[in-house]
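An overview of the molecular structure
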Amino acid sequence: MRVTIFGTGYVGLVTGTCLAEVGHDVVCVDIDAAKVDGLARGVVPIYEPGLAPMVKANHAAGRLHFTTDAARAVAHGDVVFIAVGTPPDDDGSADLQYVLAVARTIGQHLARPVVVVDKSTVPVGTADKVRTTIATTLAERGADIAFDVVSNPEFLKEGAAVEDCMRPDRIVIGADNPAAVEKLRRLYAPFNRNHDRIVAMDVRSAELTKYAANAMLATKISFMNEIANIAEKVGADIEMVRHGIGSDPRIGWHFIYPGAGYGGSCFPKDVQALAKTAQQHDYEARLLNAVEAVNDAQKGHLFELVQRHYDAGEDEGVRGRTFAVWGLAFKPDTDDMREASSRRLLQQLWDAGARVRAYDPEARHEAARVFGERPDLVLCDSAGAALEGADALIVVTEWKQFRSPDFAALHAALGDAVVFDGRNLYDPAEVEAAGLAYYGIGRGRSILPEGSAGG
Ligand code: UDX
């Protein structure tokens, strides 16, 4: 089939590339000429495992094209995807200006019936706005062309986006017209072998499904972070508790990892946007607001541990110390630093007069862009280089390469011999056996003074 994708960001580029990979003829269109130029030369602006070679191969095979020419792009597709950004407005609601601008562009150039697909995560009711915008623009031209608007949310995880797209666990299609569902069924047939993954529903339910999925996952994380904070207070170890509850299939092992808080482009934005939608419909989303508040507090928790350690000491506290920070991306296998917990931590360290030597396997360039040149930051080329001259180590992102360091070497390198483990990667006893002080998330066993846990 002939497919057009508006937006070559994360979702648009991955979706377009995977659709080309299974044989569709895909045109990706973006207003950013430099990006389009780069993509046509094989320069992929984001790091995502497996994506760059797939873009190059499909481009070379003539199935994947990049253009800024919206008229040509609209003329190409039987199915036209809208996969542009929906950044949060000042009040947390999703900003639809880019989505609706694409809808206008489609209306201006449409010459034959198409199915328009909302792929961006958009508030319930957006498909109606897209439909109205296209219809109004067509009417202004005096054109009368049939079109459908379908909601088909993405469920891609960063770092596994290509895999998720090639092997989806479900394909949600929200449509009011059975013919539109049929068309998308054909489009997705190569991804839908062996058993049927297509879940067809009405447009508004599909729009809400996307938010419900992300809000549920964010809720699990905030729940565990809250229990971790309680564990820390009462002298329990959240890792024991996690093992104790995860085996219950009703709870499950996924997304119950406590840590430095969730970041990324989806959870923070989507939880807030859903709460905002509820409010606009006169419903106060108490749980969602709490999920967000717990996460916001959690992003400051690592620094609290740092402060607690140094304030308890005899020296002047955090001021003047150098911290090695391992991991800057919001999670492993990505260079994305949107809403990353590292951003809050580094700012808190700097505000307290500390210096940072940071290492991330992929996010170095992004970090340079985000933080700019500053005297209290050195971006290092390796985990070992970050330790040089450092007093303490803080682990923020759980990259695999940070999982089993040589603790004796850490002890030798770190002036204050202390490790703050923001993702509970290490066994506290093993770290302590190497002569290092250990702080994890929700690991009360290593924080309360001996004997005080019993009370
Ligand atoms: C998420 C959803 O998983 C995906 O389905 C949706 O389409 C987009 O949003 P993503 O943002 O790429 O994907 O990352 P994800 O792996 O879900 O992690 C989100 C954040 O939660 C990360 O900061 C991660 O470190 C944190 N997290 C995750 C935890 O703190 N604990 C956990 O148990 C799981």
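Residues numbered from 1 in each chain as written. Predicted model: local features only at pLDDT ≥ 70, side-chain atom pairs only at ≥ 80, totals over all residues. Heavy atoms only, no water.

Here's the deal with the site of the ligand
Near the ligand lie 18 residues; those nearest to it are Leu-156, Glu-158, Tyr-257, Phe-330 and Lys-331. For the ligand, an oxygen atom lies 2.8 Å from a polar atom in the side chain of Lys-331. Taking Arg-423, its side chain carries an N or O atom lying 3.5 Å from an oxygen atom of the ligand. Computed on the free molecule, the ligand has an accessible area of 660 Å², of which 92% lies beneath the protein chains in the complex. (Near = heavy atom within 4 Å. Polar contact = N/O pair within 3.5 Å; in protein donor to acceptor, adjacent residues only side chain to side chain. Areas by Shrake-Rupley, 256 points an atom, 1.4 Å probe, with all protein chains shown as cover.)

Points about the sheet that holds strand 11 (residues 377-379)
Pairing in this open sheet of six strands is parallel, and the strands run 11-10-9-12-13-14 from one edge to the other. The outermost strands of the open sheet, each flanked by one partner alone, are strand 11 and strand 14 (437-439). Strand after strand, the sheet turns through a mean of 20 degrees between neighbouring axes, direction not considered. As paired elements, strand 12 (residues 392-395) and strand 13 (residues 418-421) share four bridges and run parallel to each other. When the bridges of strand 13 are listed, Leu-393 appears paired with Val-419. (Pairing = 2+ DSSP bridges. Helix = DSSP H or I, 4+ residues; strand = E, 2+ residues; numbered from the N terminus. Axes fitted to C-alpha atoms, helices over the stretch in contact; angles between N-to-C directions.)

Details of empty space enclosed by the protein
Under the criterion given, the structure shown has one cavity of 30 Å³ or more. Lining the largest cavity are Asp-118, Ser-120, Thr-121, Val-122, Ser-151, Pro-153, Ala-206, Glu-207, Lys-210 and Tyr-211. No other element matches helix 9 (residues 203-234), which puts four residues into the lining of the largest cavity. The residue makeup of the lining of the largest cavity, split by class, is four nonpolar, three polar and three charged. (1 Å grid on protein atoms, 1.4 Å probe; cavity = no way out; pocket = protein on both sides within 12 Å on 5 of 7 lines; lining within 4 Å. Points joined across faces, edges and corners; volume = space filled by probe spheres on them. Nonpolar A, V, L, I, M, F, W, Y, C, P; charged D, E, K, R; others polar.)

Regarding the layout of surface pockets
If you add up the space inside the second largest pocket, you get close to 180 Å³. Taken together, 13 residues make up the lining of the second largest pocket; nearest its centre are Pro-123, Val-124, Lys-129, Thr-277 and Gln-280. For the lining of the second largest pocket, the secondary structure elements donating two or more residues are helix 6 (126-141) and helix 11 (267-280). For the lining of the second largest pocket, the element with the highest residue contribution is helix 11, accounting for four residues. Among the residues making up the lining of the second largest pocket, the classes are represented as five nonpolar, six polar and two charged.

A few points about the UniProt feature "domain: UDP-glucose/GDP-mannose dehydrogenase C-terminal" (unreviewed entry) in the protein
Following the UniProt record, one finds the feature "domain: UDP-glucose/GDP-mannose dehydrogenase C-terminal" (unreviewed entry) at residues 324-428. Secondary structure across residues 324-428 divides into 30% helix and 18% strand, with the first and last C-alpha atoms of the span separated by 19 Å. (UniProt positions renumbered as here; feature names shortened; annotations may be inferred.)

Comments concerning helix 9
The terminal C-alpha atoms of helix 9, which comprises 32 residues, lie 47 Å apart, in line with the 46 Å expected from a rise of 1.5 Å per residue. Regarding helix 9, its N-cap is Asp-202, as a side-chain oxygen of that residue lies 3.2 Å from the backbone nitrogen of Arg-204 further along. Positive backbone phi, at 80 degrees, marks Gly-235, one or two positions downstream of helix 9. (Expected span 1.5 Å × (residues − 1).)

Some remarks on the packing of aromatic side chains
Scanning the model with the defined rule gives nine aromatic pairs in all. With 6.1 Å between their ring centres and 65 degrees between their planes, Phe-255 and Phe-267 make a pair best called edge-to-face. Separated by 12 residues along the polypeptide, Phe-255 in the loop between helix 10 (238-246) and helix 11 and Phe-267 in helix 11 bring together distant segments of the chain. Through a chain of ring-to-ring contacts, the aromatic side chains of Phe-255, Tyr-262 and Phe-267 assemble into a single cluster. One residue, Arg-170, lies across the ring of Phe-155, its end atom 3.6 Å from the ring centre. Its end group placed over the ring of Trp-350, Arg-374 keeps NZ or CZ at 3.7 Å from the ring centre. (Phe/Tyr/Trp six-rings, centres within 6.5 Å; stacked < 30°, edge-to-face > 60°. Lys NZ or Arg CZ within 6 Å of the ring centre and 35° of its normal.)

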